[in-house]
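Below, each chain spelled out in residue letters.
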Protein chains: 2
Amino acid sequence: MSIALVGIGKIARDQHLPAIADSDRFALAATVSGSGGIDGVENHADIAALLHARPDIPAVSLCMPPVPRFVAARAAIAAGRHVMLEKPPGASVTEVFRLERLARAAGVSLFATWHSRMAAGVAPARAWLAGKRITRLRIDWKEDVRKWHPGQDWIWQPGGLGVFDPGINALSILTELCPGALHVAEAELTFPANRDTPIAARLTFTDGAGLDATADFDWRQEGGEIWQIEIETDIGALKLTEGGARLFIDGAEQPTAGCGEYPALYRHFATLLAEGRPDVDTAPQLHVADAFLLGRRVTGAPFHD
Amino acid sequence: MSIALVGIGKIARDQHLPAIADSDRFALAATVSGSGGIDGVENHADIAALLHARPDIPAVSLCMPPVPRFVAARAAIAAGRHVMLEKPPGASVTEVFRLERLARAAGVSLFATWHSRMAAGVAPARAWLAGKRITRLRIDWKEDVRKWHPGQDWIWQPGGLGVFDPGINALSILTELCPGALHVAEAELTFPANRDTPIAARLTFTDGAGLDATADFDWRQEGGEIWQIEIETDIGALKLTEGGARLFIDGAEQPTAGCGEYPALYRHFATLLAEGRPDVDTAPQLHVADAFLLGRRVTGAPFHD
């Protein structure tokens with residue numbers, strides 16, 4: 001099936017293009033980029049031009065930043081195309097619910113992706129957790145923003161999420177492991193004095209029944225990233241490291257299998273198209289919105305790239 | 001039907017007690033208050049004590065501030081009681097979705113109230129708008145915080161919403177008039193330098209198709225409150241004033257009828273109980289969470305009560 005890729009930035013080049021190139025379900029037919037696109041691939045300056053010129057392309061994958069995503073997704077749905085959304089699926093939660101309704105009304109598939117859920121350790125972790133009672137949960141998601149987001153100015157603009165841009169990956173795993181089990185009760189968000197999004201955040205979750213659960217997101221990490229989730233249960237402890245790629249149960253590493261996060265996303269999108277259904281889970285984004293809604297804001301040192 | 005009132009503060013005394021006293025469906029059987037309750041009414045120090053002592057009371061109405069509401073609602077649902085929630089229904093959006101699932105699983109009714117939707121002009125405004133195309137929308141919701149929230153320290157604490165505490169009333173009317181039609185695209189939130197919630201907010205909404213829609217919330221208003229919504233359509237203009245109590249179409253005041261906002265809420269709660277269904281609409285709260293999520297924060301002058 002032909003697919004068009006919209007927004008040719010870092011994530012498109014690092015992940016989407018290789019995943020589509022390796023896919024046996026999708027073939028890249030066109031791109032949309034205001035800054036030139038990719039050698040040898042038909043490019044359009046905006047999505048309206050693409051949708052007009054190529055009615056034969058049934059699916060689009062949107063990987064521009066979240067703020068402009070709604071308008072593009074709405075146009076694609078209105079033109080009867082299936083749509084895959086990079087995470088987070090929008091700049092607001094409400095717009096994602098709106099897109100879901102529009103997609104259902106138009107009879108097209110909408111896939112709000114959470115790539116970290118496809119990390120190799122996540123599915124076996126979820127299977128292991130089933131039926132166990134979680135007693136303690138600790139998320140550490142710390143990386144050097146200069147290394148992982150060089151020159152990405154939009155992450156510092158309102159709606160760009162700041163440290164929640166990586167942090168939402170942890171929350172997407174959390175909500176996959178124990179859906180509906182907890183909510184943010186307290187948060188402290190540290191905003192650099194010269195920026196509009198937080199560089200660090202500490203969250204405390206509650207299940208309403210005494211669970212000890214916290215998350216620590218930090219972009220000021222130096223000396224190697226830490227992307228891990230530790231969960232203690234009534235009968236053993238689980239640890240996901242390296243963004244969910246590796247799984248340990250009671251300290252022993254477990255065998256995992258996976259084809260890679262983005263290849264798995266495109267495979268799942270193909271399944272959704274075949275089955276004619278949407279997959280839109282706003283739970284990770286809702287946790288972020290809740291943290292902004294009820295969090296205490298602290299002003300930190302200015303940040304300079 | 002017996003009902004217990006939990007949280008005896010300003011809104012309980014101003015609105016809930018008179019509404020229950022006038023109701024032909026509910027009788028106040030007990031209160032929960034850490035600071036004494038009401039003369040002549042059985043009082044319990046916390047909701048656990050109430051639920052334990054009075055299994056015969058089938059319904060509770062929770063009107064404490066939003067932060068402690070989840071734990072109380074969860075306990076009441078677990079004890080098989082029907083629950084009515086003051087607005088906003090929680091400190092986070094996720095907790096409201098969690099409560100809704102818990103209530104459905106327990107087979108009890110959960111009513112997330114939005115009192116402003118019961119203002120006399122709202123239902124006729126909605127009926128008039130049906131089938132019309134909105135071209136411009138302007139919300140002005142401005143009041144003197146010293147007059148309307150004297151000594152209410154919790155509104156300035158994280159999760160207390162600040163100026164969105166009244167502003168969410170406007171958003172509850174907006175989402176009643178045109179459900180699912182728009183989302184917050186931009187916001188500017190002004191936080192007093194010494195406070196954790198905003199004293200003013202300007203929101204810009206989008207429908208994705210060029211609608212001009214803004215909201216202006218301000219707690220620094222002097223000389224009389226303004227709580228109004230103006231909507232222009234392809235065939236005429238509507239104006240709601242006084243929080244929705246009065247309705248004007250093309251400048252001419254329209255007849256309205258209503259029994260009062262809180263009496264109407266209790267009447268609706270009785271209907272929900274009779275029909276055994278929940279009524280939980282998180283749309284107004286989602287708009288607020290979105291405004292915090294993607295809004296630009298501005299620091300303003302310190303505020304002193």
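Residues numbered from 1 in each chain as written. Chains lettered and ligands numbered in written order. Predicted model: local features only at pLDDT ≥ 70, side-chain atom pairs only at ≥ 80, totals over all residues. Heavy atoms only, no water.

An unreviewed UniProt entry annotates chain A as Gfo/Idh/MocA family oxidoreductase originating from Thalassococcus profundi.

J.: An account of the domain arrangement of chain A is needed here, citing residue identities and associated values.
T.: Residue and element names in this part refer to chain A. Assigned domains within chain A: domain 1 (2-112) and domain 2 (117-257 + 288-300). Contact with domain 1, which involves 7 residues of that partner, is made by 12 residues of domain 2. Taken as a group, K10, K87 and P88 account for 55% of the area that domain 1 buries against domain 2, more than any other trio of residues on that side. One can count 1 salt bridge joining domain 1 with domain 2. D165 is paired through a salt bridge with K87; the nearest N and O atoms lie 3.6 Å apart. Along the contact surface separating domain 1 from domain 2 lie 2 residue pairs in polar contact (both at pLDDT 80 or more). Split into classes, the residues belonging to the side of domain 1 that touches domain 2 amount to 5 nonpolar, no polar and 2 charged. (Domains from an automatic or database assignment. Contact = heavy atoms within 4.5 Å. Buried area = accessible area lost by both parts, 1.4 Å probe. Salt bridge = Lys/Arg side-chain N within 4 Å of Asp/Glu carboxyl O. Polar contact = N/O pair within 3.5 Å; in protein donor to acceptor, adjacent residues only side chain to side chain. Nonpolar A, V, L, I, M, F, W, Y, C, P; charged D, E, K, R; others polar.)

J.: Describe the packing of aromatic side chains, listing the residues and the values that go with them.
T.: Residue and element names in this part refer to chain B. One pass over the structure, following the stated rule, counts 17 aromatic pairs over all chains. Centroid distance F164 to F292: 5.3 Å. Interplanar angle 45°. Geometry classified as tilted. With F164 in helix α7 (residues 164-177) and F292 in helix α9 (residues 283-294), the pair connects residues that are 128 residues apart, well separated along the chain. For the pair formed by F164 and F292, the shared burial category is buried. (Phe/Tyr/Trp six-rings, centres within 6.5 Å; stacked < 30°, edge-to-face > 60°. Helix = DSSP H or I, 4+ residues; strand = E, 2+ residues; numbered from the N terminus. Buried < 20%, exposed > 50% of the residue type's maximum accessible area, 1.4 Å probe, protein only.)

J.: Mind laying out the interface of chain A and chain B, listing which residues take part and the relevant values?
T.: Residue-level contacts link 36 residues of chain A with 36 residues of chain B. Taken together, the connections running from chain A to chain B amount to 2 salt bridges. Across the pair B:D196 and A:R296 runs a salt bridge, and its minimum N-O distance is 2.6 Å. Joining chain A to chain B, the criterion identifies 20 residue pairs in polar contact (both at pLDDT 80 or more). Mapped by element, the contributors of at least two residues to the side of chain A that touches chain B are α3 (69-78), α4 (93-106), β8 (183-192), α9 (283-294) and β15 (296-300) of chain A. Top contributing element to the side of chain A that touches chain B by residue count: α9(A), with 8 residues. The residue inventory of the side of chain A that touches chain B, partitioned by class, reads 17 nonpolar, 10 polar and 9 charged.

J.: Tell me about the relation of the copies chain A and chain B, residues and numbers included.
T.: Between chain A and chain B, the superposition needs a rotation of 180° and an axial shift of 0.0 Å, giving an RMSD of 0.0 Å. Each copy turns onto its partner about a two-fold axis. A symmetric contact is evident, with 100% of the interface residues of chain A recurring at the interface of chain B. (Least-squares fit on C-alpha atoms with pLDDT ≥ 70 in both.)

J.: Could you give me a rundown of the sheet that holds strand β3 (residues 43-44) of chain B, with the residues and numbers involved?
T.: Residue and element names in this part refer to chain B. Strand order in this open sheet of 6 strands is β3-β2-β1-β4-β5-β6, and the pairing throughout is parallel. Edge positions in the sheet fall to β3 and β6 (110-112), since each has one partner strand and no second. Here 5 bridges tie strand β1 (residues 2-6) to strand β2 (residues 27-32), and the two strands are oriented parallel to one another. Residue pairing in the sheet places V6 in a bridge with V32 of β2. Docked against the sheet, helix α3 (residues 69-78) engages β4 (59-62), β5 (82-85) and β6, running at close to 160° with respect to β5. Across the sheet, helix α8 (residues 261-275) lies against β1, β4, β5 and β6, angled at about 150° from β5, the strand it touches most. (Pairing = 2+ DSSP bridges. Axes fitted to C-alpha atoms, helices over the stretch in contact; angles between N-to-C directions.)

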